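Secondary and tertiary structure notes
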Amino acid sequence: MLSARDPQPEGPLSGSTGRIVISVDAMGGDRGPAAVVAGMADSASKNPAIEFIVHGPEPELAQLVAKRPELSGRCTIRHAEGVVTMDDKPGQVMRNGSGTSMWSAIESVRNREATVAVSCGNTGALMALSVIRLRKLPGVNRPAIACLWPSRNPGGFNLMLDVGADIKADAPDLLQYALMGASYARNGLGIERPRIGLLNVGTEEHKGRAELKAAQDLIAAATETGGFDYVGFVEGGDLPSSRVDVIVTDGFTGNIALKTGEGTARLIGDFLREEFNATLLSRFAGLLALGLLTRFRKRIDPRRQNGGVFLGLNGTIVKSHGSADATGVAAAIKLAFRLAESGFQDRLAARVASAALAGQDAAQPLEQNRASE
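Here goes a summary of the coordinates provided. Bear in mind that the values here come from a model prediction, so they are computed numbers and not experimental data.

Our next topic: helix α5 (residues 123–134). With 12 residues, α5 should cover 16 Å at 1.5 Å per step; its first-to-last C-alpha distance of 16 Å lies within 8% of that length. Along α5, the positions that sit buried rather than exposed are A125, L126, M127, A128, L129, S130 and L134. Against the buried residues of α5 lie α3 (90–96), α4 (101–110), β4 (116–119), β5 (144–150), β10 (308–311) and β11 (316–319). Put simply, N122 is the residue that caps the front of α5, since its side-chain oxygen is 3.1 Å from the backbone nitrogen of G124. Directly beyond the C-terminal end of α5, a positive phi value near 70° is found at R135.

A separate point is the nonpolar core. General note: in soluble globular proteins, nonpolar side chains tend to be found buried as a group. The biggest cluster of nonpolar side chains holds 66 residues, and the ones touching the most others in it are F52 and Y184. For this core, the element with the most residues is helix α6 (residues 171–189), which contributes 11 residues. Those residues within four positions of F52 in sequence are excluded, and the remaining contacts are I22, V24, M40, S43, A44, L71, R74, C75, T76 and I333. Among the nonpolar cores identified, the runner-up in size contains 27 residues, and C147, M160, F310 and I317 belong to it.

With that settled, consider the environment of I132. Following the sequence through the fold, I132 ends up in helix α5. When the C-alpha positions of I132 and M94 are compared, they lie 7.9 Å apart, and in sequence the two are 38 residues distant.

On to the pattern of salt bridges. The final tally for this structure, using the stated rule, is 15 salt bridges. The shortest N-O distance in the salt bridge between R110 and E107 comes to 3.7 Å. Of the two residues, R110 and E107 are both situated in helix α4; the distance of 3 residues between them amounts to about one turn of the helix. Since its relative accessible area comes to 42%, R110 is described here as partly exposed. With a shortest N-O distance of 4.0 Å, D170 and R142 are connected by a salt bridge. Within this pair, whereas D170 is found in the loop between β6 (157–161) and α6, its partner R142 is found in the loop between α5 and β5, the two being separated by 28 residues in sequence. When its relative accessible area of 42% is taken as the criterion, D170 is described as partly exposed. For R142, a relative accessible area of 18% translates into the label buried. Put simply, R142, D166, D170 and D173 are held in one network by salt bridges that share partners.

What follows concerns the sheet that holds β11. A sheet is described by the order of its strands in space; here 11 strands give the open sequence β3-β2-β1-β4-β11-β10-β5-β6-β9-β7-β8, paired in mixed fashion. Of all strands in the sheet, those with a lone pairing partner are β3 (75–79) and β8 (229–234), marking the two edges. Pairwise comparison of adjacent strand axes, ignoring direction, gives a mean angle of 25° for this sheet. Relative to β10, β5 runs antiparallel, the two being bridged by 3 bridges. Counterpart to A144 in the pairing with β10 is L311. Lying on the sheet, helix α7 (residues 210–221) is in contact with β7 (195–199) and β8; it crosses β8 at an angle near 165°.

The subject of this paragraph is the packing of helix α1 (residues 32–46) against helix α12 (residues 326–342). Close contact between α1 and α12 brings their axes to 7 Å; oriented N to C, the two are set at 55°. As summarised for this structure, α1 and α12 are arranged oblique, according to the angle between their axes. Pair α1 / α12 crosses with right-handed handedness. Contacts between α1 and α12 pair A35, V36, A38, G39, M40, D42 and S43 from the former with A326, V329, A330 and I333 from the latter. Here the contact of α1 with α12 is composed, by residue class, of 8 nonpolar, 2 polar and 1 charged.

Thresholds applied
Residues numbered from 1 in each chain as written. Predicted model: local features only at pLDDT ≥ 70, side-chain atom pairs only at ≥ 80, totals over all residues. Heavy atoms only, no water. Helix = DSSP H or I, 4+ residues; strand = E, 2+ residues; numbered from the N terminus. Expected span 1.5 Å × (residues − 1). Buried < 20%, exposed > 50% of the residue type's maximum accessible area, 1.4 Å probe, protein only. Contact = heavy atoms within 4.5 Å. Polar contact = N/O pair within 3.5 Å; in protein donor to acceptor, adjacent residues only side chain to side chain. Core = buried A, V, L, I, M, F, W, Y, C linked by side-chain atoms within 4.5 Å. Salt bridge = Lys/Arg side-chain N within 4 Å of Asp/Glu carboxyl O. Pairing = 2+ DSSP bridges. Axes fitted to C-alpha atoms, helices over the stretch in contact; angles between N-to-C directions. Parallel < 35°, antiparallel > 145°, perpendicular 65-115°, else oblique. Left-handed = near helix turned anticlockwise from the far one by under 90°. Nonpolar A, V, L, I, M, F, W, Y, C, P; charged D, E, K, R; others polar.

Okay, structure coming up:
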């Protein structure tokens, strides 16, 4: 239950049937609009409380949507002929992107037609358009991208930010990331008092760059007003550990860590597949261990943790992997829905605007947040 000092969110934007509306950029992903629409259909079949505004060429999208009965009456097509490609420069898109599906998807959030936008497109362009169309929250210098990282914690994930919005981060930026990450952990993961760690080359106090040492002092001083616990410096080996809930770092380091983790997960999966197919005996062993291997594959499958959240803007944007298939798109939509349902954006804005009010974005009970997943 929210305390008396909690901001009262206006609530997620609802369509005519009372469902939560998600804006989806159907273009720009490596697999094309068919994979995006398939992911939408998968989400719709599992969640009756969701509907979509999908952006892209109307003739093509109309054909794809018509083949998915799950989307009947739950999908509005917004025509946009232009497509932001992975090779487009952010500056070019900012100047000439007004007719693209990405721009249109962000506009639906800006115009309050939808609560969250989801896109598989060019990350740099998506961030640039999001900043100029939605604007940064007052008090935010650098927005951040937060991602979920498989971990030993009871909820199965840690949160890391920034993972690529900006390669630079000064001490005040890292403090802002800690505050935003704590708010996400409370409202998105249901962690009442998140544990924050600052990524460094060692846990010793004397290690690290000057801005990390300055950030450590700022974050440690903000624990009570920010409603989190600070565990100190953490190392790369702590990313999947149960020692911490939120890992704070700059976008350069975070992006390298993210891509390394995803590549390692795929490598482990490939190695296991090769070993179990090597001989007749190993194939038999693979059949015996099929259930275990299926569960393991799901736990390390990057598609099932798909979705980086842009934090620090006047609106929520979820960035899906460009190579996401229907499973990955559905995972990103599920994350978008969960954040919309929790009133996350309003609580994050309140936290950033007035970090001195402790506990103002306390989480709702997990059972309530997950009731319609």
